[in-house]
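What the coordinates show
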Amino acid sequence: MTVKAALLDAARRLEEVAIAAPRLTAEVLLAHALGRSREWLYAHPEEKLPPHARAAFEQSLDRRLAGVPTQYITGRQEFWGRDFRVTPDVLIPRPETEHVVETALECARDARRIADAGCGSGILAVTLQLETGAETWGTDISFPALQVARENARRLGAPVRLVACDLLSALAPASFDLVVSNPPYVPDGDLAGLQREVRDHEPGVALFAGPTGYEVYQRLVADARRVLRPGGFLIMELGFGTHERVLAMLAEGWSEARLRPDLAGIPRVAAARRS
């Protein structure tokens, strides 16, 4: 089977079960199986697949057809121009989370100490450390997630300090200039309505916040006020439709509260300065 034939067949099979972006998915999986770039596929459409690569491609394709996200199959996802390792122990990085980085660099580029609460794969902690050079800490309640973050920090050359704890509970009072977080914000009752890739494969501890979806925001705002120095910033990613209630949490003890929309105009990030 040639590269061209393999891609056509895979894209057809993916489209039949309504997998998003079937051609792109086929290209990513085949490039991964071959250990090549997607550009190489375009330049070598008539190249025949070696038996081992064809077997690996078929295995990956079967997993994607069964609902396993592409990123968990390839073990990687790009964020802020860098490749991060991802496993089923961590959320898959989304482009929307880059708005947290943009907001942090606008509000607190001169921060000397940064904390990423619930760091997961480490995308925020690693990115902000590399972009600012600040002393950066990442926390997570999941030991397997911290292992992934540690590997990403090591591989990308970011000296991030990692701590196993719930949100900011292990960090000292008034010791940070910036706290960032992409916290769990899905209400427990929304499980059935999630895409199967999310519902069946991404870690629930990083998705679900409690009955209302605001439980983690409430604890995070209170704990960030404790660990931030006066004038420090808290920057959080927002779930759809959560911005009004989150802003209300920032009414006392905070100033300069603001929202940042994503490319679709949906409020995606909340930021505020500790009074």
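None of these values were measured; they are calculated from a predicted model. (Residues numbered from 1 in each chain as written. Predicted model: local features only at pLDDT ≥ 70, side-chain atom pairs only at ≥ 80, totals over all residues. Heavy atoms only, no water.)

Section: the overall build of the protein
We count it as follows: Labels follow the DSSP assignment, with helices taken as runs of H or I lasting at least four residues and strands as runs of E lasting at least two, numbered in each case from the N terminus. Each radius of gyration is computed over the set of C-alpha atoms, and the globule rule expresses the reference value as 2.2 Å times the number of residues to the power 0.38. Each residue's exposure class comes from its accessible area (1.4 Å probe, protein chains only) as a fraction of the maximum for that residue type: buried when under 20%, exposed when over 50%, partly exposed otherwise. By the convention used here, residues are in contact when the closest approach between their heavy atoms is within 4.5 Å. Note on charges: Lys and Arg go in the positive column, Asp and Glu in the negative column, and His and the chain ends are not counted at all. Every charge is mapped onto a representative atom, which is NZ of Lys, CZ of Arg, CG of Asp or CD of Glu.
Assigned secondary structure in the protein consists of 11 helices and 11 strands. On C-alpha atoms alone, the protein measures out to a radius of gyration of 20 Å, which is about the 19 Å that the 2.2 N^0.38 rule sets for 275 residues. Oriented by its inertia axes, the alpha-carbon framework of the protein measures out at about 65 × 40 × 35 Å. Across the 275 residues in the protein, those meeting the buried criterion constitute 50%. Partitioning the intrachain contacts of the protein with sequence separation of at least 6 by distance along the chain shows that 64% fall at a separation of at least 24. One way to put it: in the protein the 33 positive side-chain charges average out to a point 4 Å from where the 36 negative ones average out.

Description of the packing of helix α2 (residues 22-34) against helix α4 (residues 51-65)
Angle between the axes and distance between the axes are the two parameters that describe a pair of packed helices. Counted only if it meets this: Geometry is summarised by axes, namely lines fitted to C-alpha atoms with helices restricted to the contacting stretch, and by angles between N-to-C directions that run from 0 to 180 degrees. An angle counts as roughly parallel when it lies under 35 degrees, as roughly antiparallel when it exceeds 145, as roughly perpendicular when it falls between 65 and 115, and as oblique in every other case. In this scheme, a crossing is called left-handed if the near helix is turned counterclockwise away from the far one by less than a right angle; it is called right-handed if the turn is clockwise. Nonpolar residues are Ala, Val, Leu, Ile, Met, Phe, Trp, Tyr, Cys and Pro. Charged residues are Asp, Glu, Lys and Arg, and all others, Gly as well, are polar.
Interhelical geometry of α2 versus α4 gives an angle of 140° and a closest axis separation of 8 Å. In terms of orientation, α2 and α4 fall into the oblique class. The interaxial crossing formed by α2 with α4 has right-handed handedness. Seen from α2, the contacting residues are Thr25, Ala26, Leu29, Leu30, Ala33 and Leu34; seen from α4, they are Ala53, Ala56, Phe57, Ser60, Leu61 and Arg64. Here the residues of the contact of α2 with α4 are counted per class, giving nine nonpolar, two polar and one charged.

Quick look at the pairing of strand β11 (residues 267-274)
Test applied: Pairing between strands is defined by DSSP: at least two bridges between them are needed.
Strand direction decides the pairing type here: strand β9 (residues 228-237) and β11, joined by five bridges, are antiparallel. Looking at the pairing, Phe233 lines up with Arg273 of β11. Hairpin geometry of strand β10 (residues 254-261) and β11 is characterised by an intervening segment of five residues between the two adjacent antiparallel strands and by a positive phi of about 85° at Gly265.

Looking at the side chain of Ser175
So the rule is basically this: In the analysis that follows, any N or O atom pair within 3.5 Å is treated as a polar contact, provided that within protein one partner can donate a hydrogen and the other can accept it, and provided that, for residues neighboring in sequence, both atoms belong to side chains.
Examined against the element boundaries, Ser175 turns out to sit in the loop between β5 (161-164) and β6 (176-181). Relative accessible area serves as the criterion here: at 8%, Ser175 is assigned to the buried category. Here Ala172 takes part through its backbone oxygen, which lies 2.6 Å from a polar atom of the side chain of Ser175. Once you skip the residues sitting within four places of it in the chain, Ser175 turns out to touch Arg113, Val227 and Arg229.

What about the packing of aromatic side chains?
We apply this condition: In this analysis, rings of Phe, Tyr and Trp, with Trp reduced to its six-membered ring, are considered paired at centre separations within 6.5 Å, and the interplanar angle assigns stacked below 30 degrees, edge-to-face beyond 60, and tilted for intermediate values. When the NZ atom of lysine or the CZ atom of arginine is within 6 Å of a ring's centre and also within 35 degrees of its normal, the charge is said to sit over that ring.
Under the defined criterion, the tally for this structure stands at four aromatic pairs. Judged by centre distance (6.4 Å) and plane angle (90°), the rings of Trp137 and Phe176 are edge-to-face. Residue Trp137 is found in strand β4 (residues 135-140), and its partner Phe176 is found in strand β6; the two are separated by 39 residues along the sequence. When sorted by exposure, Trp137 lands in the same class as Phe176, which is buried. Ring geometry for Tyr185 against Tyr217: centres 6.3 Å apart, planes inclined by 0°, an arrangement best described as stacked. One end of the pair, Tyr185, is in the loop between β6 and β7 (186-187); the other, Tyr217, is in helix α10 (residues 215-227), with 32 residues separating them in the sequence. Among the aromatic residues, ring-to-ring pairing joins Tyr185, Tyr214 and Tyr217 into one connected group. The ring centre of Phe176 lies 4.5 Å from the NZ or CZ of Arg113, which sits over that ring.

So, the side chain of Asp223
With respect to the helices, strands and loops of the structure, Asp223 is situated in helix α10. Among residues more than four places away in sequence, those in contact with Asp223 are Leu168 and Ser169.

Considerations on helix α7 (residues 123-132)
Burial analysis of α7 places seven of its 10 residues in the buried class, the great majority of the element. Gly133 sits one or two positions beyond α7 and adopts a positive phi of about 75°.

A look at the pattern of salt bridges
Pairing between side chains becomes possible if they bear opposite charge and their charged atoms approach one another. Short version of the rule: For this analysis, a salt bridge means a side-chain nitrogen from Lys or Arg found within 4 Å of a carboxyl oxygen belonging to Asp or Glu.
Under the defined criterion, the tally for this structure stands at 25 salt bridges. Among the salt bridges present, the one from Asp9 reaches Arg12, with a minimum N-O distance of 2.7 Å. Linking Asp9 with Arg12, this pair stays in helix α1 (residues 3-16), spanning three residues, or about one helical turn. What makes Asp9 partly exposed here is its relative accessible area of 23%. On the accessibility criterion, Arg12 (40% relative accessible area) is partly exposed. Here Arg23 ties to Glu27 by a salt bridge, and the two come within 2.9 Å at their closest N and O atoms.

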